[in-house]
Amino acid sequence: MQGVAEILSTKTFYPENIVSLLKASADEEHLIFRKSAEIKEKYVQNKVYFRGLIEFSNLCRKNCNYCGIRRENMKLLRYTLSDEEILTAVRFAYENHYGSVVLQSGELRGRGFINRVSRLLKKINRVSDGKLRVTLSCGEQTYETYRKWYESGAARYLLRIETSNPQLYASIHPNDQLHSFHTRLKCLESLKKAGYQVGTGVMIGLPGQTYEDMANDLLFIKQIDADMVGMGPYIEHKDTPMYNLKDTLYNRKERLRISLRMIALLRIMMKDINIAATTALKAIDPFGREKAIMAGANVIMPNITPAKYREYYLLYEDKPCLDEAAIDCLQCLQMRISTTGHYIAFDEWGDSAHYVRRCNDNKYPIP
Ligand code: SF4
């Protein structure tokens with residue numbers, strides 16, 4: 001069997017190599033992190049990009065078995081921000097030099113929703129003088145909808161695959177047409193065709209997930225040539241069907257450990273993509289996001305949703321920063337990031353260098 005140093009010196013990773021690296025002992029871990037840090041320094045430097053996250057509605061037509069805002073969670077107060085509330089958050093991001101915002105919601109269809117998002121994108125462009133990049137994360141939509149939103153001003157789209165194993169995917173979703181692995185794959189293809197910088201991601205430490213699954217997740221992300229990735233530990237939510245399986249999970253510390261290693265390996269495998277240090281990491285460890293930045297992440301998504309709504313957008317439990325005003329969140333993050341030897345790239349869009357490169361290579365030409 002090859003050792004860690006030997007595997008890291010090879011150009012192509014196979015599933016069994018990745019499994020070995022995920023399982024490597026704590027004594028050898030520094031070799032993985034050293035390599036990812038070298039690659040990060042060379043390809044994306046020590047910058048951290050901010051994406052101001054606006055969770056604008058927790059209405060969702062879906063019923064994913066792990067998610068706290070699933071349709072059948074009747075304990076949850078449902079909300080949708082007004083245009084003015086969204087634009088106030090956008091102005092905050094603009095005035096504080098964030099460079100970029102993310103509009104996220106549960107998955108809704110219907111002409112009213114689609115047209116509203118289009119109108120919002122145009123308004124965001126106006127209030128920010130065209131200087132803010134906008135990412136959308138509104139679930140599975142048709143190619144036509146994705147294209148309409150792209151033409152209205154969205155440049156990036158996040159749609160997590162959650163797991164690349166179709167059987168595992170089926171086990172964490174209801175068994176119906178609305179929750180189809182195949183549809184999720186098609187949507188990722190459509191997003192690329194529509195011209196977006198495409199983001200995806202997975203949950204780490206799901207019930208029944210193996211190291212082989214996680215290795216294949218990394219290879220899947222590479223195979224679809226993602227531009228951006230957000231992945232983090234699965235954290236259970238008590239008002240979901242999967243909560244019953246909580247005693248079968250790796251403990252939270254272990255989920256954090258594997259997540260950091262996954263981030264480091266992804267940085268080694270996909271040198272110039274954007275990788276988010278997700279909030280779920282902080283739910284386990286107060287310094288989880290800083291550790292992710294050291295491991296290879298280069299994006300942070302400070303929550304700028306009005307504080308009074310945040311407790312109603314709990315995809316998982318123990319989500320941090322629920323009661324912090326956006327300005328407190330900003331000050332806290334500035335201080336924390338400086339401790340990692342990185343700096344916040346204010347006023348920069350922070351487009352994925354990978355996306356820029358693939359457009360230059362004409363691999364997926366902008367339509
Ligand atoms: S994971 Fe997304 S699509 Fe599934 S229930 Fe939650 S918000 Fe809806």
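Higher on the page you've got the structure.
Residues numbered from 1 in each chain as written. Predicted model: local features only at pLDDT ≥ 70, side-chain atom pairs only at ≥ 80, totals over all residues.

Caption draft 1: Representation of the overall build of the chain in the model. Along the chain, the regular secondary structure elements total 15 helices and 12 strands. Here the C-alpha coordinates of the chain stretch approximately 60 × 45 × 40 Å along the principal axes. With 367 residues in all, the chain has 45% of them scored as buried. Considering only intrachain contacts with a sequence separation of at least 6, the fraction spanning at least 24 residues in the chain is 79%. (Helix = DSSP H or I, 4+ residues; strand = E, 2+ residues; numbered from the N terminus. Buried ≥ 20, exposed ≤ 12 C-beta atoms within 10 Å, placed from the backbone. Contact = placed C-beta atoms within 7 Å.)

Caption draft 2: Structural detail: the packing of helix α6 (residues 143–152) against helix α8 (residues 181–194). One can describe the packing of α6 onto α8 by two numbers: an axis separation of 9 Å at closest approach and a directional angle of 35°. As for the relative orientation of α6 and α8, their crossing is right-handed in sense. Only S190, L191, K193 and A194 of α8 make contact with α6, whose side of the interface consists of Y143, Y146, R147 and Y150. Its residues placed into classes, the contact of α6 with α8 shows 5 nonpolar, 1 polar and 2 charged. (Axes fitted to C-alpha atoms, helices over the stretch in contact; angles between N-to-C directions. Left-handed = near helix turned anticlockwise from the far one by under 90°. Nonpolar A, V, L, I, M, F, W, Y, C, P; charged D, E, K, R; others polar.)

Caption draft 3: Seen up close, the site of the ligand. Surveying the vicinity of the ligand reveals the residues C60, K62, C64, C67, I69, R70, G106, E107, G139 and L315. Considering only residue class, the shell around the ligand consists of 5 nonpolar, 2 polar and 3 charged. (Near = placed C-beta within 6 Å.)

Caption draft 4: Highlighting helix α10 (residues 252–269). Counted at 1.5 Å a residue, the expected span for α10 with its 18 residues is 26 Å, and the 25 Å between its end C-alpha atoms agrees. Within α10, 13 of the 18 residues are buried, which leaves it mostly tucked inside the rest of the structure. (Expected span 1.5 Å × (residues − 1).)

Caption draft 5: Broad picture of the packing of helix α3 (residues 26–43) against α10. At a minimum axis separation of 8 Å, α3 and α10 run at an interaxial angle of 45°. Relative to α10, α3 is oriented oblique. The crossing of α3 and α10 is left-handed. Here α3 contributes I32, F33, K35, S36, I39 and K40 to the contact with α10, which in turn contributes R261, A264, L265, R267 and I268. Its residues assigned to classes, the contact of α3 with α10 comprises 6 nonpolar, 1 polar and 4 charged. (Parallel < 35°, antiparallel > 145°, perpendicular 65-115°, else oblique.)

Caption draft 6: Quick peek at the environment of N17. Tracing the chain through its elements places N17 in helix α2 (residues 15–23). The class of N17 is partly exposed, set by 19 C-beta atoms lying within 10 Å. A C-alpha to C-alpha distance of 6.6 Å links N17 and I7, two positions 10 residues apart in sequence. With residues near it in sequence (within four places) discarded, N17 still touches Q2 and I7.

Caption draft 7: Region of interest: unusual backbone geometry. The phi dihedral of Q45 falls on the positive side, at around 55°, and the residue is not glycine. Note that Q45 resides in the loop between α3 and β1 (47–50). Residues other than glycine seldom take positive phi values, yet D225 does so here, at roughly 60°. Examined against the element boundaries, D225 turns out to sit in the loop between α9 (211–223) and β8 (228–230).

Caption draft 8: Up close: α9. Relative to the 18 Å expected for 13 residues at 1.5 Å per residue, α9 spans 18 Å between its end C-alpha atoms, a close match to the ideal helical length. Buried residues along α9 sit against α2, α7 (166–171), β6 (197–200), β7 (203–204), β8 and α10. One or two steps after α9, the chain reaches D225, where phi turns positive at roughly 60°.

Caption draft 9: Seen up close, the pairing of strand β3 (residues 100–105). Among the 6 residues of β3, 6 are classified as buried, and the element is accordingly described as predominantly covered. Where strand β2 (residues 52–57) and β3 come together, 5 bridges link them in parallel fashion. Counted as the bridge partner of S57 is S105 from β3. Handedness of the crossover joining β2 and β3 through helix α4 (residues 83–95): right-handed. Sheet topology note: the β3/strand β4 (residues 133–137) ladder contains 5 bridges and is parallel. For V102, the partnering residue across the bridge sits in β4 and is T135. (Pairing = 2+ DSSP bridges. Right-handed = clockwise from strand over helix to strand, strands pointing away.)

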